[in-house]
Amino acid sequence: MKFKKLAAALLTTAIVGTSVTPVFAAEYDASGDPEATLIWSGNCVSSDTHAKAMHLFAEKVEEYSGGSVKCDVYTDSTLYSSENELQALIDNDMQLCYLSFPTMATQVPSYEMFASGYFWKNYDHMHETLNSDFASEKIYPAAEEAMGIKVLGSIYLGSRVINTRETEINSYDDMKGLLLRMPNSDAWMQLGSALGAEPTPLAFSELYTALQTGAIEAQDNPLASNKNAGFHEVTKYMAITNHVVDSLMISVNAEAWDNLTEAQQMAVEDAVADTIAWNDAERLAEEEEMIKFFEDEGLTVTYPDIDEFKEKTTAYYFDNDLTGNWDMDLYEEVQALAK
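Residues numbered from 1 in each chain as written. Predicted model: local features only at pLDDT ≥ 70, side-chain atom pairs only at ≥ 80, totals over all residues. Heavy atoms only, no water.

**Q** Just to check I follow, could you spell out empty space enclosed by the protein for this structure?
**A** In this approach a probe as big as a water molecule rolls over the atoms, and the regions it shows empty are the leftover space. Evaluation of the coordinates by the stated rule reveals 1 cavity of 30 Å³ or more. Reported here for the largest cavity is a volume of approximately 70 Å³. Put simply, the parts of the chain that give the lining of the largest cavity at least two residues each are α4 (101-104) and β11 (245-253). Broken down by element, the residue count for the lining of the largest cavity peaks at 3 residues, all from β11. By residue class, the composition of the lining of the largest cavity is 8 nonpolar, 1 polar and 1 charged. (1 Å grid on protein atoms, 1.4 Å probe; cavity = no way out; pocket = protein on both sides within 12 Å on 5 of 7 lines; lining within 4 Å. Points joined across faces, edges and corners; volume = space filled by probe spheres on them. Helix = DSSP H or I, 4+ residues; strand = E, 2+ residues; numbered from the N terminus. Nonpolar A, V, L, I, M, F, W, Y, C, P; charged D, E, K, R; others polar.)

**Q** What should I look at first to understand the pairing of strand β4 (residues 69-74) in this one?
**A** For a regular strand, the rule is simple: side chains alternate between the two faces of the sheet. Every second residue of β4 is oriented toward a common face, the buried set being V69, C71 and V73 and the non-buried set K70, D72 and Y74. Note that strand β3 (residues 36-41) and β4 share 6 bridges and pair parallel. Looking at the pairing, T37 lines up with K70 of β4. Tracing the backbone out of β3, into helix α2 (residues 49-64) and back to the parallel element β4 gives a crossover that is right-handed. (Buried < 20%, exposed > 50% of the residue type's maximum accessible area, 1.4 Å probe, protein only. Pairing = 2+ DSSP bridges. Right-handed = clockwise from strand over helix to strand, strands pointing away.)

**Q** Even after reading the chapter, I still don't get the packing of helix α8 (residues 186-194) against helix α13 (residues 306-319), so can you show me in this structure?
**A** When two helices pack together, their arrangement is given by the angle between the helix axes and the distance between those axes. Between α8 and α13, the least distance of the axes is 9 Å, while the angle of their chain directions is 125°. It follows from the interaxial angle that α8 and α13 lie oblique. The hand of the α8/α13 crossing is right-handed. Residues Q190, L191, S193 and A194 of α8 form the contact with α13, whose participating residues are K312, T313, Y316 and Y317. Looking at the contact of α8 with α13 residue by residue, the classes come out as 4 nonpolar, 3 polar and 1 charged. (Axes fitted to C-alpha atoms, helices over the stretch in contact; angles between N-to-C directions. Parallel < 35°, antiparallel > 145°, perpendicular 65-115°, else oblique. Left-handed = near helix turned anticlockwise from the far one by under 90°. Contact = heavy atoms within 4.5 Å.)

**Q** Could you clarify how one ought to interpret the layout of surface pockets in this entry?
**A** Counted as a void, the largest pocket has a volume near 650 Å³. In this structure, the largest pocket is lined by 30 residues; those nearest its centre are N43, S82, S100, T103 and P183. Elements with a contribution of two residues or more to the lining of the largest pocket: α3 (85-90), β5 (96-99), α4, β6 (149-164) and β11. The element contributing the most residues to the lining of the largest pocket is β5, with 3 residues.

**Q** Looking at this model, I keep getting lost on the state of the cysteines. Mind explaining?
**A** Covalent bonding between the sulfur atoms of two cysteines defines a disulfide. Going through the model one piece at a time under the given rule, you end up with 0 disulfides. C97 supplies the cysteine sulfur nearest to C44, a cysteine that is in no disulfide, at a spacing of 9.5 Å. (Disulfide = S-S within 2.5 Å.)

**Q** I tried to follow the pairing of β5 on my own but got confused; where do I start?
**A** Where burial is concerned, the two faces of β5 agree: the one with L96 and Y98 and the one with C97 and L99 are both buried. Pairing between β5 and β11: 4 bridges, direction antiparallel. Residue L99 lies in a different strand from β11, and its bridge partner there is M249.

**Q** I keep staring at the packing of aromatic side chains and nothing clicks. Help me out?
**A** Remark: the centre distance and the inter-plane angle together describe each pair of aromatic rings, the angle taken between the planes. The full count for this structure, using the stated rule, is 16 aromatic pairs. Taken together, a centroid distance of 5.5 Å and an interplanar angle of 85° make the contact between F101 and Y111 edge-to-face. You can see F101 sitting in helix α4 and its partner Y111 sitting in the loop between α4 and α5 (123-130), a full 10 residues away along the chain. Since its relative accessible area comes to 3%, F101 is described here as buried. (Phe/Tyr/Trp six-rings, centres within 6.5 Å; stacked < 30°, edge-to-face > 60°.)

Now the structure itself:
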């Protein structure tokens, strides 16, 4: 995308309390262009911020395009499951999708490094790298070529923590042997192992029941996702490990993108910019309040030594020859961008 549009949206986003009003104004006219309808499917819970962000995008793209571009939104895996989303996007059965780096790594193996534990230092490191010309020039082209997509930008999903049914996590060693749910991809499974657990593949839609019955002993997700999915109802403990500063790439099928007029593409880009600005401000505000919510709900919240987790998790990748697919030059460049 034209990342200066995103920068402008972020700079001009008005924040009042925890609500955000996008105020970026576009300068083009797509109102007379041929009508286009984009389908956006996600496995996110409808009450979650990044699900609401999908609806915000639909509202904004219709506004900015003068009604010529509409977006049909499907959350809660009602159209495609998390396992089927990527293929549906590639096949142009849907036109927009959130893609995680572990999912993208199934097509671009070097992306495994972006999904590794403690790759990003913090939110600013992740956000400023992935929503920049650096990313559009050095990170995204590999995915775009491999999958026939265009990455429009990256939203913040949250920093991932670990919930457990019966085990209190106070150190890295406490993770040993835990049946930790992970999505079914190599990058996710490697992360589970790197965290010291026994990773077990399972769809997100099946996770609540698996925790409830004990088929799974632990799960990792950002704070807000935990709340919206109700995982605090079926676990006793939460460890603030922040092992992944999690992001999702808003991606569009390349054929669908090329079929839009230039003005419509600009409308999409501006709608994405507003969506990212709104989502990230909301998510950061939510995270400040979440810990107290979980404690009030009865969870025991622990704070393991992050430095120990980072050292041992990172070492696992190198000690077990899991970096063979990584682009080490790009790895070093991205690490150097951390402040």
